[in-house]
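Residue strings, one per chain:
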Amino acid sequence: MVSAPIQRLRRIKQLGFASLEYTGADHSRFSHAVGTMHVTRTILAKPGEKMYLNAVAEELREDVRSRESAEQHLLVAALLQDCGELPYGIATGSLLRPNEEVLKSVRELTGENAADWPSEAVFLLACLDELQSILDDLDIEVLAYLMTGRYWKSRRPALHPAMHLLDGVVDADRIDYVRRDAHHVGQGHVDVRAIVDSLLDFDAEGPVCSDPAPIASLLALRAHLYSTVYYSAPNRFRVMLLRELLSDVLTSPSNEIRSGVLGTEAREVSYSRFLELDDVEVDRSIAKANDPNLKKQLGDRAQKALEVLSGTNNNYSERWLTTSNPAPDGKSVPLPVRVFGEIFEAKSYPDQRRVRVRLDPNSAPVDLETLNGPYSGVVADTRAQLPIRGDVLVFEPARFRQPKDYRDALAAGWLGAGIRAGLIAGGGIAHTDTRDTPEFTGPAIFISFCTDDHLLVSALVGELYRRKRRYYLIAGAYQGVGGTPGNNSERAPRETDACIMVVSPAYQKRITEQTTGNIAKEMAEVRGRRENGPYPLVALSTTSYRNLDLMPWGLLGFPDEPPFVGSPLTALDFPSVSQAIEAALTRIDADAVQHAG
């Protein structure tokens with residue numbers, strides 16, 4: 001408890017910027033970590049067979065193999081699992097990465113290459129590496145897997161039921177933070193005892209419960225917190241500002257501003273520097289950036305963000321913009337320098353993990369929603385609030401003089417769609433064409449997708465880029481050589497060697513309802529390529545295949561079996577994305593070799 005990794009959590013607020021809106025919510029990640037361990041202990045103390053404990057015990061090394069030791073491993077994992085979090089992690093997590101020394105320590109600890117893992121998972125295992133001498137009576141590899149196993153390539157299925165206790169739909173972490181956060185913001189109550197009493201067991205599919213009422217109440221309150229606290233407009237605004245400032249600092253060509261503001265010249269940070277990063281350090285970085293000699297080196301937008309974060313220009317108001325009215329000819333509207341905005345959507349696809357209820361000891365468990373109504377909209381969508389996903393949230397300063405294109409689009413009702421197109425094209429996908437990039441190999445792959453799925457596509461493209469594969473996609477309305485978006489959609493299949501279709505309900509809807517739209521044009525060209533010669537085609541799904549039964553696969557040469565590969569992509573985690581790309585490339589490369597032969 002007195003070690004540096006755990007004590008560091010005292011200096012990181014659990015709710016980040018949300019504590020500025022809810023002044024009583026200044027509790028720390030330390031209190032949450034201790035609370036999670038307490039909830040874990042309460043669950044473990046509950047009478048019952050708890051077969052998942054036997055499974056953990058069997059995985060432990062021989063000298064510590066017992067149910068009591070298995071309980072200790074779960075308690076320590078519950079306490080440590082937040083140690084890798086960065087301050088204001090929603091803004092900093094994608095900007096700061098572990099350096100090679102940290103990655104090496106994790107590689108030596110686990111045998112896994114963690115280069116593509118989320119930063120918090122890597123730093124967590126770096127903390128565990130430091131604590132090995134204190135935890136010498138535990139199996140460090142099992143402990144590491146319990147906390148980060150979802151990212152490992154070498155699987156240990158016997159541990160997965162116990163992992164649901166630590167990170168699942170109804171787990172110790174979620175029970176504590178929903179209860180704690182709701183209490184501090186004054187928005188509800190969680191009956192921990194009722195939830196624990198309802199939990200019968202954890203298996204490979206998740207928790208099994210006896211009473212649906214307290215479980216459904218927990219999930220509903222969590223969704224309410226996302227609506228009113230975690231994703232509240234004031235909280236999102238400050239996250240935007242900090243991300244804008246730090247992005248500008250980290251991409252600056254000036255070593256002076258990078259080291260002067262962040263104390264590091266690169267976004268890759270050492271373990272010792274990680275231990276120094278807390279809320280106080282972020283506040284200190286903001287103060288340093290106000291030095292006149294450093295501030296003048298920032299971009300215009302970063303300077304505006306700094307002014308707001310520093311409290312010198314806080315007179316902003318939010319505006320919600322719907323995207324239901326399309327922009328004419330795919331036009332985009334750039335955000336003015338003083339305006340900040342983002343597409344308001346969760347950073348993941350629906351959580352498909354199950355909650356099941358067993359009302360009778362002699363009967364099989366059934367899904368919670370069959371007893372308690374369609375709960376899936378609450379448990380699956382991490383942003384259960386209006387306006388609908390895909391809308392745009394912008395913040396405008398007082399007495400803002402709107403540029404003409406901004407004003408005209410607002411009056412015509414398509415400003416949201418225009419800004420959304422600009423945000424996607426401007427920052428959603430960094431590398432859209434690697435066909436001529438040195439050292440990139442393989443058939444040139446065209447990626448056909450619907451803009452509604454740009455977050456998933458960005459993750460898939462990142463994996464292709466990491467593997468140095470040749471690909472091409474259209475991320476902006478006028479990207480490429482064509483004079484119109486339609487021209488670009490028609491030319492892309494002609495100038496590539498294979499195709500990956502990212503198929504979602506939105507993609508299917510575009511094809512069936514917009515028969516002259518850009519996706520329909522892409523499909524027509526793909527059909528022509530396949531009729532005239534070899535052109536490998538694979539499909540990746542964002543949902544169950546049965547939800548995509550309107551896709552015209554027969555026209556593309558698949559009358560019997562759709563060309564889906566891999567499992568449906570229901571999450572944006574690294575293992576899911578990596579496995580999907582692996583399956584797609586295996587099929588494409590095999591087809592290419594077959595036709596070449």
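Right, let's walk through the structure included here. Here the residue index of a chain counts from 1 through its sequence in written order. It should be noted that, the model being predicted, local features are given only for residues of pLDDT at least 70 and side-chain atom pairs only at 80 or more, the latter also being counted only at that level, while totals for whole chains, interfaces and linings use all residues. Heavy atoms throughout the structure, all of them, feed into the side-chain values; hydrogens and water do not.

**Let's talk about the sheet that holds strand β11 (residues 469-473)**
We count it as follows: By definition, two strands form a pair when at least two bridges between them are found by DSSP. Secondary structure elements follow DSSP: runs of H or I no shorter than four residues count as helices, runs of E no shorter than two count as strands, and numbering proceeds from the N terminus. Angles shown run from 0 to 180 degrees and are taken between the N-to-C directions of axes, each axis being a line fitted to C-alpha atoms and, for helices, limited to the stretch in contact. In this description, contact between two residues means that some pair of their heavy atoms is separated by no more than 4.5 Å.
Reading across the sheet, the 4 strands line up as β11-β10-β12-β13 and stay open at both edges, with parallel pairing between neighbours. What marks the edges here is a single partner per strand, and that holds for β11 and β13 (537-541). Between one strand axis and the next, the sheet turns through 25 degrees on average, direction left out of account. The sheet contact formed by strand β10 (residues 441-448) and β11 spans 4 bridges and is parallel. The residue bridging F446 from the neighbouring strand is Y472, located in β11. Contacting β10, β12 (498-503) and β13, helix α27 (residues 518-532) crosses the sheet at an angle of about 145 degrees to β12.

**Remarks on helix α13 (residues 212-230)**
To keep things clear, this is the line we draw: The span one expects for a helix is its residue count, reduced by one, times 1.5 Å. Burial classes: relative accessible area under 20% of the type maximum marks a residue as buried, over 50% as exposed, and values in between as partly exposed (1.4 Å probe, protein chains only). We define a polar contact as two N or O atoms separated by no more than 3.5 Å, with the added condition that, inside protein, one atom must be a possible hydrogen donor and the other a possible acceptor, whereas residues neighbouring each other in sequence contribute only through side-chain atom pairs.
Along its 19 residues, α13 runs 25 Å from first to last C-alpha, staying within 8% of the 27 Å computed at 1.5 Å per residue. Burial of α13 is extensive: 14 of the 19 residues sit out of reach of the surface. Where α13 begins, one side-chain oxygen reaches toward the backbone nitrogen of A213, 3.1 Å away; that side chain belongs to D211.

**Quick word on the pattern of salt bridges**
Using the following cut-off: Within this document, salt bridges are pairs made up of a side-chain nitrogen of Lys or Arg and a carboxyl oxygen of Asp or Glu, the two lying within 4 Å of each other.
In the structure shown here, the tally under the stated rule is 31 salt bridges. In this structure, the salt-bridge partner of K295 is E307, at a minimum N-O distance of 3.8 Å. You can see K295 sitting in helix α18 (residues 292-295) and its partner E307 sitting in helix α19 (residues 300-309), a full 12 residues away along the chain. It is possible to trace a salt-bridge network through shared partners that takes in R273, E276, E281 and R284.

**Description of the sheet that holds strand β8 (residues 366-367)**
Overall, mixed pairing links the 4 strands, which are arranged β2-β3-β7-β8 in an open sheet. The outermost strands of the open sheet, each flanked by one partner alone, are β2 (199-203) and β8.

**A look at the side chain of R97**
As for its placement among the helices and strands, R97 is situated in strand β1 (residues 97-98). For R97, the side chain forms a polar contact with the main-chain oxygen of A115, separated by 2.8 Å. When sequence neighbours within four positions are dropped, the list of residues in contact with R97 reads A114, A115, D116, W117, P118, S119, F123, R267, E268 and V269.

**Structural notes on the side chain of R435**
The residue R435 is located in the loop between α23 (415-428) and β10 in this model. When its relative accessible area of 17% is taken as the criterion, R435 is described as buried. Polar side-chain contacts of R435 include one of 3.3 Å to the backbone oxygen of E495. In this structure R435 touches A444, R470, Y471, Y472, E495 and T496, once residues within four positions along its chain are discounted.

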